[in-house]
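Given next are the chains, with one letter for each unit.
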Amino acid sequence: MPFFAPSVTTEADAAFSFLTQQCTQLKITALGLTDEQARSTPTVSGLSISGLITHSAQVVNGWIQQVKDPARLIEFSDHPAMNREIGLEGMFDGSTLPDFDIAEVVVIFDRAMDQIEAARQAVAEKDIDLGTQVPMPHNPWMPTDFAMTVRWILAHLNTEIARHVGHADIIRESIDGAIAYQLNAQADGEPWPPEGWDEQAS
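Section: the overall build of the protein
Consideration 1: Helices and strands together make up the secondary structure of the protein, namely eight helices and zero strands.
Consideration 2: The order of helices and strands in the protein, counted from the N terminus, is α-α-α-α-α-α-α-α.
Consideration 3: Relative to a compact globule of 202 residues, whose C-alpha radius of gyration would be 17 Å, the protein shows 18 Å and is just as compact.
Consideration 4: C-alpha extents for the protein along the principal axes are approximately 50 × 40 × 30 Å.
Consideration 5: Taken across its 202 residues, the protein has 43% of its residues classed as buried.
Consideration 6: Once local pairs closer than 6 in sequence are excluded, the contacts in the protein between residues at least 24 apart make up 69%.
Consideration 7: A total of about 10200 Å² of accessible surface is found on the protein, and carbon and sulfur atoms cover 53% of it.
Consideration 8: Here the protein holds 11 positive side-chain charges and 29 negative ones, and the gap between their average locations is 7 Å.

What follows is the structure, encoded as structure tokens:
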């Protein structure tokens, strides 16, 4: 069940494995939704499943390029072009809805997830140290009093995607009551509730 990350060995393995697992959890929140449901905003925020997955696709794709090439300076102005590489036009903040149905959004997110595996391979093949410092982008919201490293980027991505998984979990429960365990079981073709659930819960 993808609800749990696999066993890990090295620090890099843990960073990439948990990032992939969190992205998988975000994608699973869209399982079985109609396009109307995926675009709906059932809580008081403007967030939707479709918007969150689109936003997260651009976030993952943008940051992971820096991991693949730590010497590269990536400015905020570079992100629209990088978005186009995975099939997006424009910038998305989670409440902005893309002009795609949910199936197309998931395909775009899969392309971003492919970049995680490409970065994992780059780190291994180029023997990139996670402590490698990367150039700081010139954005007003980026702090200037710390050294940004490959390690920091991977930790930042893990925390940001995990936060959005939480958002998506709440939205999905508000749409139809489906919870993460249930969706993971369905994704794996397993019965829900699982056999023996009542005995364990009592």
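After presenting the structure, the write-up continues.
Looking at the pattern of salt bridges
Consideration 1: Across all of its chains, the model carries six salt bridges by this definition.
Consideration 2: In this structure, the salt-bridge partner of lysine 27 is aspartate 110, at a minimum N-O distance of 2.7 Å. With lysine 27 in helix H1 (residues 11-28) and aspartate 110 in helix H5 (residues 102-125), this residue pair connects regions lying 83 residues apart in the sequence.
Consideration 3: Given a relative accessible area of 26%, lysine 27 falls into the partly exposed group.
Consideration 4: Ionic contacts of the salt-bridge type, sharing partners, join the residues Asp13, Glu117 and Arg120 into one network.

Some words on the side chain of asparagine 61
Consideration 1: Its location among the elements puts asparagine 61 in helix H3 (residues 49-68).
Consideration 2: Apart from the residues lying within four places of it in its own chain, the contact partners of asparagine 61 are Met82, Asn83, Ile86, Ala112 and Gln115.

Some details on a nonpolar patch on the surface
Consideration 1: On the surface, a nonpolar cluster with roughly 380 Å² of combined accessible area is contributed by Phe4, Ile179, Tyr181 and Trp197.
Consideration 2: Note on placement: phenylalanine 4 falls in the segment before H1.
Consideration 3: Residue phenylalanine 4 is classed as exposed on the basis of its relative accessible area of 55%.

Calculation rules
Residues numbered from 1 in each chain as written. Predicted model: local features only at pLDDT ≥ 70, side-chain atom pairs only at ≥ 80, totals over all residues. Heavy atoms only, no water. Helix = DSSP H or I, 4+ residues; strand = E, 2+ residues; numbered from the N terminus. Rg over C-alpha atoms; globule rule 2.2 N^0.38 Å. Buried < 20%, exposed > 50% of the residue type's maximum accessible area, 1.4 Å probe, protein only. Contact = heavy atoms within 4.5 Å. Areas by Shrake-Rupley, 256 points an atom, 1.4 Å probe, with all protein chains shown as cover. Lys, Arg positive; Asp, Glu negative; His and termini not counted. Charge placed at Lys NZ, Arg CZ, Asp CG, Glu CD. Salt bridge = Lys/Arg side-chain N within 4 Å of Asp/Glu carboxyl O. Patch = residues over 30% accessible without salt bridge, like charges linked within 9 Å, V, L, I, M, F, W, Y side chains within 5 Å.

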